[in-house]
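So you can see what is in the structure, the chains are spelled out below.
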Amino acid sequence: MASDQTRQQQGQAAKPLCPRCHKADLVKTSLEAYRSGISRLAPPPMPGRQTRMINLVGPAVVLVGLAIFFIFVVLGESVTGMGGPGLIAQVIITLLIIVAALVVSFIAFQRVVKSDAEATLRYPAWDRALENWRHLYYCSRDDLIFDGQQGKVVTEEALKALLRVDAEPQQIAQQPRSAAAPSHS
């Protein structure tokens, strides 16, 4: 407990001076400011998947249900001995439905893989944005955000640029080609 208080006191002493009022008594770290309700100092969001699976998985589930229904119909007809061309058509339709469900599932899987790869490309940008966020401070007296290392006020536009997590468009455009490129090892 005493070590936590010591760390807090050291943190208070280590805080930089506000560039406008030149005092540190009301200066907060970006985390402290965010926790106290300064929403514009929210940490940069961690990159994640942007793919909605339900759009593709939903129809695949319906197709599998339809295939199961046809399998029961085929089994019922084979038990009663009523076969013929209708039974063969139902078997073919059932197989086509199963193949269609597999194709839709494969497409959904490919979209998830692509979305994960794009999120992975954003991790270095997220690391930079998070590091930038950790260097920011907030002065409650002057209601301003500043960079603690440079001692400069950060405008709203500069804040958005510092905390941006978008990957460079070239990286995302190059990623699918490198994944599809054959390996000649």
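Parameters at a glance
Residues numbered from 1 in each chain as written. Predicted model: local features only at pLDDT ≥ 70, side-chain atom pairs only at ≥ 80, totals over all residues. Heavy atoms only, no water. Pairing = 2+ DSSP bridges. Helix = DSSP H or I, 4+ residues; strand = E, 2+ residues; numbered from the N terminus. Patch = residues over 30% accessible without salt bridge, like charges linked within 9 Å, V, L, I, M, F, W, Y side chains within 5 Å. Areas by Shrake-Rupley, 256 points an atom, 1.4 Å probe, with all protein chains shown as cover. Salt bridge = Lys/Arg side-chain N within 4 Å of Asp/Glu carboxyl O. Buried < 20%, exposed > 50% of the residue type's maximum accessible area, 1.4 Å probe, protein only.

A. Structural context of the sheet that holds strand β3 (residues 144–147). Taken in spatial order, the four strands of this open sheet run β1-β2-β3-β4, and their pairing is antiparallel. The outermost strands of the open sheet, each flanked by one partner alone, are β1 (27–29) and β4 (152–153). As judged from the three bridges shared by β1 and strand β2 (residues 136–139), these two strands associate in the antiparallel manner. Each bridged residue has a counterpart across the sheet, and for V27 the counterpart in β2 is C139.

B. Quick peek at a nonpolar patch on the surface. On the surface, a nonpolar cluster with roughly 800 Å² of combined accessible area is contributed by V64, I68, I71, F72, L75, V91, L95, I98 and L102. Within the secondary structure, I71 is located in helix α3 (residues 54–80). Exposure remark for I71: the relative accessible area of 37% places this residue in the partly exposed category.

C. Spotlight on the environment of V99. As for its position among the elements, V99 is in helix α4 (residues 85–134). A relative accessible area of 48% means that V99 is categorised as partly exposed. As a C-alpha pair, V99 and A67 span 32 residues in sequence and 10.0 Å in three-dimensional space.

D. Structural view of the pairing of β2. A two-sided burial pattern is seen for β2, the buried positions comprising L136 and Y138 on one face and Y137 and C139 on the other. Across four bridges, the pairing between β2 and β3 is antiparallel. In the strand pairing of β3, Y137 is matched with F146. Connecting the antiparallel pair β2 and β3 is a turn made up of four residues, with D143 showing a positive phi of about 50°.

E. Quick peek at unusual backbone geometry. Its identity as a non-glycine residue notwithstanding, H22 has a phi of 60°, on the positive side. Tracing the backbone through its elements, the reader meets H22 in the loop between α1 (2–14) and β1. Residues other than glycine seldom take positive phi values, yet D143 does so here, at roughly 50°. Here D143 is to be found in the loop between β2 and β3. Among the residues examined, D143 registers a relative accessible area of 42% and is labelled partly exposed.

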